[in-house]
Structures are given as C-alpha cells and as structure tokens.
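Each chain is listed here by its residues.
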Amino acid sequence: MLSIIKDHYNTFKNVHLTQDQPISLVHFVTNRCNARCSFCFIDFDDPTVFAHELTTAEIEKLTSNIGRSLKNINITGGEPFARKDLSDILNFYYSNTNIRSAFITTNGSLPDRVEKLCIEKDKNFSDRLLFFQISIDALPAEHNRIRKINGLFEKAIESYRIATKFSPHIQASIAITISSENYKLANDVYDYLTTKHKVKNIALNVVRDEGIYKVPVDEKESILATYSALSKRIENDRISGLLNNWDEKSIQGRLMNKKNEIWRDVLQEIYIKPKYIVPCMAGSIFGIIEANGKVKPCEILDSSVGNLRDYDMDFKKLWQSSKALEIKKWVKDTKCNCHYDCAWSFNILAGKKFQTRLLPSIFKF
C-alpha cells in the first residue's frame with residue numbers, strides 16, 4: 001500500500017511544472033465512422049477530414065519512440081474498429097510502451113471485430129488491462145435513429161457481452177451521453193439496460209459544446225439536471241451492488257470511484273458556465289494525437305504542437321519542442337478551463353485541491 005501511495009505522489013507532485021512527457025494520451029486512430037450522430041464534433045462534410053491517416057507502420061514507429069512514461073492510452077475515433085488493423089495498433093502500445101491500461105471508445109457496431117481483438121489480446125497480453133466504453137444513448141429504436149445505424153443497439157449489447165466474457169483483464173462499460181436528444185428519457189434507458197440486459201457497469205457523460213455542434217443554452221440546464229439526478233442514482237446502485245463499475249476491493253478501483261465522484265461534483269459547477277478551478281494538465285501529462293498525426297494539448301484547443309511526421313514519429317522530441325513549451329506555458333498562464341472529461345481525470349488526480357478527498361479511498365478496507 002505504501003508503494004502505491006508513494007507512486008501516486010511521485011507521479012503527480014508538481015507535475016504541471018516538471019513533467020515533460022505524457023502519462024496519458026488520447027489517440028484518434030481514425031475519423032472514419034459508420035454512424036452519423038447529430039452531436040458529433042467531426043465535420044463529415046469536410047472532404048479533408050479523412051485524409052492522411054497515420055499508417056500501421058507509422059504508429060508502430062510512434063509507439064517505439066514514445067518512451068516509458070506513458071501509463072495509459074485511450075484509443076478512439078471516429079469509430080476505432082473502422083480500422084481493420086486496430087488489434088495491431090493496440091499490440092504496438094502494449095509491446096513498445098509502458099502502459100498499464102488501454103481504453104477503447106466504440107459504438108459497438110462491429111461485435112465480430114470486438115471479439116477478434118479480445119481473443120488476440122487475451123492470448124498475447126493476458127496480464128494487461130483493456131477497457132471498452134460502448135456508447136448507448138437511448139432505447140433501441142431511438143438509439144438506432146440518433147446514430148443512424150440499423151440494429152446498432154443490439155450490436156452494442158452484443159459487443160458488451162463479448163468483452164465481459166474476458167474479465168477481469170478485459171472489462172466493458174456502457175456509456176450514456178446525456179444530450180438534448182435523450183435527457184428526458186435517460187432514466188428509462190438506464191432502467192432498460194440494468195433490468196432487461198443486466199448491464200453491470202454504466203458510465204455517464206454529458207454532450208460537449210465543441211466542434212460543429214453547439215448545445216443550445218436553454219437546454220444545458222435540463223441536460224445538467226438529468227445528469228445530476230442519474231449520476232447520484234448510479235452511485236447509489238454501485239454502493240448497493242446493483243452495479244460493479246470500478247472494483248471497491250482494489251486500491252485502484254476505490255481511487256477511480258472517488259475520482260469519478262469528484263468529477264460529478266466539479267461538472268455540476270462548471271457545465272453551465274465554465275470557470276477555472278485547478279491547473280489543467282493538458283499539454284503536460286496529457287495530450288491528443290489526431291488521426292493525421294497532428295498533436296494537440298487537448299481536443300478543445302485548436303493549438304497544434306506539431307505533426308509527428310515532421311519529427312520522424314518521435315513524440316518525445318515534439319512534446320519537448322519550443323512550440324510545445326509555449327503552449328504549456330499558455331495553458332498555465334491563462335488558467336485555461338473547460339469541461340473536457342478526459343483532461344479533468346488528470347486535473348483531479350494531480351490537483352492538490354482534491355488530494356484530501358482522494359487519499360482516504362486508498363486507506364479504506
């Protein structure tokens with residue numbers, strides 16, 4: 001236990017000022033997607049959005065150069081399973097970096113590819129963690145309409161069940177994104193998932209105000225109210241045992257559950273009117289790789305650190321460039337803030353403001 005506490009402090013102590021390599025990255029391996037969600041931030045009408053995708057060989061070189069500081073990778077898109085080489089990409093991260101966990105965010109529309117990847121991962125990297133977050137936003141017919149794929153709901157449930165067969169080193173959750181299209185029925189969706197389909201791990205998100213989609217101001221309060229009520233219900237069901245979510249028997253599980261609890265509180269404070277609370281880790285221990293090789297501090301900012309192809313796929317060299325240092329300083333000096341959940345995970349884990357709430361979860365038995 002003492003080693004875990006020490007590791008937590010060594011990882012995040014003064015990290016905003018001293019860390020020159022990322023601990024976590026989000027890698028958009030493709031912008032291609034078989035869905036057309038109204039709230040998606042990808043502009044599918046832009047013909048350049050699919051151009052110059054990193055090749056398998058380039059991603060292999062990237063992972064070989066990235067260094068040993070990387071602890072987590074979130075592979076997303078678009079729809080990441082639109083890439084037939086997704087299993088190879090995951091293998092490169094497991095083989096060439098020091099990641100402890102990988103997350104794949106998917107709409108679950110390709111259960112055969114999910115199963116193939118799980119089998120290969122279980123065979124070659126059985127001791128490494130893999131988490132799937134599968135999106136379901138509404139009851140079957142409405143979900144299929146919102147995302148514009150016939151039979152998508154059933155395929156997503158099938159993907160969830162396939163992944164859970166490989167527990168504990170492969171786990172899956174169903175993620176409900178609260179938006180203007182589903183906030184009135186979100187509780188019904190939750191009931192349907194937990195009762196009819198016996199889903200045991202449910203995550204809750206709110207739609208982002210970015211890209212080509214802007215949440216109407218008069219709908220944000222309704223979205224937030226639904227999120228607040230349902231998130232409390234999910235927490236109570238986790239405590240009662242109806243849901244599993246993160247394992248309370250492990251220190252990591254308790255730490256992540258507490259982090260999620262803190263995030264729910266923070267989101268309710270900043271969703272309607274964003275404001276600065278703690279320094280943002282984007283551009284320091286957290287960053288984004290876009291499908292075309294462009295590297296950014298986060299999804300929200302337009303600022304580009306550079307393109308990996310201009311640095312011979314050497315992420316460390318790019319991340320320590322003068323442009324990267326300039327952006328990191330800008331994030332700090334301007335007290336940049338938003339409600340981007342991926343960055344906020346590390347804002348909470350690294351923020352001194354939250355340590356008194358996080359540490360008791362380590363000692364809980």
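Structure: see above.
Residues numbered from 1 in each chain as written. Predicted model: local features only at pLDDT ≥ 70, side-chain atom pairs only at ≥ 80, totals over all residues. Heavy atoms only, no water.

Asker: Mind showing me how you'd approach the environment of Lys353 here?
Answerer: Residue position: Lys353 is located in the loop between α13 (341-350) and α14 (355-363). A relative accessible area of 54% places Lys353 in the exposed class. Not counting chain neighbours up to four residues away, the residues in contact with Lys353 comprise Ile277 and Val278. (Helix = DSSP H or I, 4+ residues; strand = E, 2+ residues; numbered from the N terminus. Buried < 20%, exposed > 50% of the residue type's maximum accessible area, 1.4 Å probe, protein only. Contact = heavy atoms within 4.5 Å.)

Asker: Could you clarify how one ought to interpret the packing of aromatic side chains in this entry?
Answerer: A ring pair, where both rings are aromatic, is described by two values, the distance of the centres and the angle of the planes. Using the criterion set out here, one finds nine aromatic pairs in the structure. Ring-pair connections join several aromatic residues into one group, and the members of that group are Trp263, Trp344 and Phe354. Here the guanidinium or amino end of Lys220 rests over the ring plane of Tyr271, the centre of that ring lying 5.6 Å away. (Phe/Tyr/Trp six-rings, centres within 6.5 Å; stacked < 30°, edge-to-face > 60°. Lys NZ or Arg CZ within 6 Å of the ring centre and 35° of its normal.)

Asker: Is there a simple way to explain the side chain of Asp137 in this structure?
Answerer: You can see Asp137 is positioned in the loop between β4 (129-135) and α6 (140-147). On the basis of relative accessible area, Asp137 is assigned to the buried category, the value being 1%. Polar side-chain contacts of Asp137 include one of 3.3 Å to the backbone nitrogen of Thr177. (Polar contact = N/O pair within 3.5 Å; in protein donor to acceptor, adjacent residues only side chain to side chain.)

Asker: How should the nonpolar core be read in this particular structure?
Answerer: Most often, soluble globular proteins have nonpolar side chains that are buried together. Ranked by size, the top nonpolar core spans 102 residues in total, and within it Phe132, Leu193 and Phe286 carry the most contacts. Non-local contacts of Phe286, meaning those with residues more than four positions away in its chain, are made with Ser24, Val26, Met281, Pro297, Cys298, Trp319, Tyr340, Cys342, Ala343 and Phe346. If you look at the next biggest cluster of nonpolar residues, it comprises nine residues, including Ala35, Ile42, Phe44 and Leu152. (Core = buried A, V, L, I, M, F, W, Y, C linked by side-chain atoms within 4.5 Å.)

Asker: Help me understand empty space enclosed by the protein, please; the structure alone is not making it clear to me.
Answerer: Here the idea is plain: a probe the size of a water molecule rolls over the atoms and shows the empty space left. Tallying each qualifying case throughout the model produces one cavity of 30 Å³ or more. Looking at the largest cavity, its volume works out to about 60 Å³. Taken together, Ile277, Val278, Cys280, Cys336, Asn337, Cys338, Tyr340, Ala343, Trp344 and Asn347 make up the lining of the largest cavity. Among the residues forming the lining of the largest cavity, the class breakdown is eight nonpolar, two polar and no charged. (1 Å grid on protein atoms, 1.4 Å probe; cavity = no way out; pocket = protein on both sides within 12 Å on 5 of 7 lines; lining within 4 Å. Points joined across faces, edges and corners; volume = space filled by probe spheres on them. Nonpolar A, V, L, I, M, F, W, Y, C, P; charged D, E, K, R; others polar.)

Asker: Even after reading the chapter, I still don't get helix α8 (residues 186-195), so can you show me in this structure?
Answerer: Because the α-helix completes a turn every 3.6 residues, residues three or four places apart line up on one side. Of all the residues in α8, the buried ones are Ala186, Val189, Tyr190, Leu193 and Thr194. Buried residues in α8, looked at end-on, bunch into an arc of 120°, giving them a common side. (Arc of directions from axis to C-beta.)

Asker: In this structure, what is going on with the sheet that holds strand β3 (residues 101-106)? I would like to understand it.
Answerer: Strand pairs in the sheet, formed through backbone hydrogen bonds, run parallel or antiparallel to each other. With respect to topology, nine strands assemble into an open sheet ordered β6-β5-β4-β3-β2-β1-β7-β8-β9, the strand pairing being mixed. Of all the strands in the sheet, just β6 (202-206) and β9 (306-307) have a single pairing partner and so form its edges. Note: strand β8 (residues 294-296) against β9, two bridges, orientation antiparallel. Counterpart to Lys294 in the pairing with β9 is Asn307. The strands touched by helix α4 (residues 86-96) within the sheet are β1 (24-28), β2 (72-76), β3, β4 and β7 (286-289), with β2 carrying the most contacts at an inclination of about 170°. (Pairing = 2+ DSSP bridges. Axes fitted to C-alpha atoms, helices over the stretch in contact; angles between N-to-C directions.)

Asker: Before we go on, may I ask you to explain the environment of Phe50 in this structure?
Answerer: Here Phe50 lies in the loop between β1 and α3 (56-65). Residue class for Phe50 comes out partly exposed when judged on its relative accessible area of 34%. Each C-alpha atom of the pair Phe50 and Asn201 lies 33 Å from the other, and the pair is 151 residues apart in sequence.

Asker: Before we go on, may I ask you to explain the packing of helix α10 (residues 251-270) against α13 in this structure?
Answerer: Two quantities define a packed helix pair, namely the angle between the axes and the distance from one axis to the other. The geometry of α10 relative to α13 is characterised by a closest axis approach of 10 Å and an angle of 115° between their N-to-C directions. Taken together, the axis directions place α10 and α13 in an arrangement best described as roughly perpendicular. As for the relative orientation of α10 and α13, their crossing is right-handed in sense. Contacts from Leu255, Lys259, Ile262, Trp263, Val266 and Ile270 of α10 reach α13 at Asp341, Trp344, Ser345, Ile348 and Leu349. Across the contact of α10 with α13, the residue classes tally to eight nonpolar, one polar and two charged. (Parallel < 35°, antiparallel > 145°, perpendicular 65-115°, else oblique. Left-handed = near helix turned anticlockwise from the far one by under 90°.)

Asker: Quick question: what am I supposed to make of the pairing of β6 here?
Answerer: Where burial is concerned, most of β6 is hidden: five out of the five residues are buried. The alternating pattern of β6 places Ile202, Leu204 and Val206 and Ala203 and Asn205 on opposite faces, both of which are buried. Across five bridges, the pairing between strand β5 (residues 170-178) and β6 is parallel. Across the sheet, Thr177 pairs through a bridge with Asn205, a residue of β6. As a crossover connection, the stretch from β5 through α8 into β6 is right-handed. (Right-handed = clockwise from strand over helix to strand, strands pointing away.)

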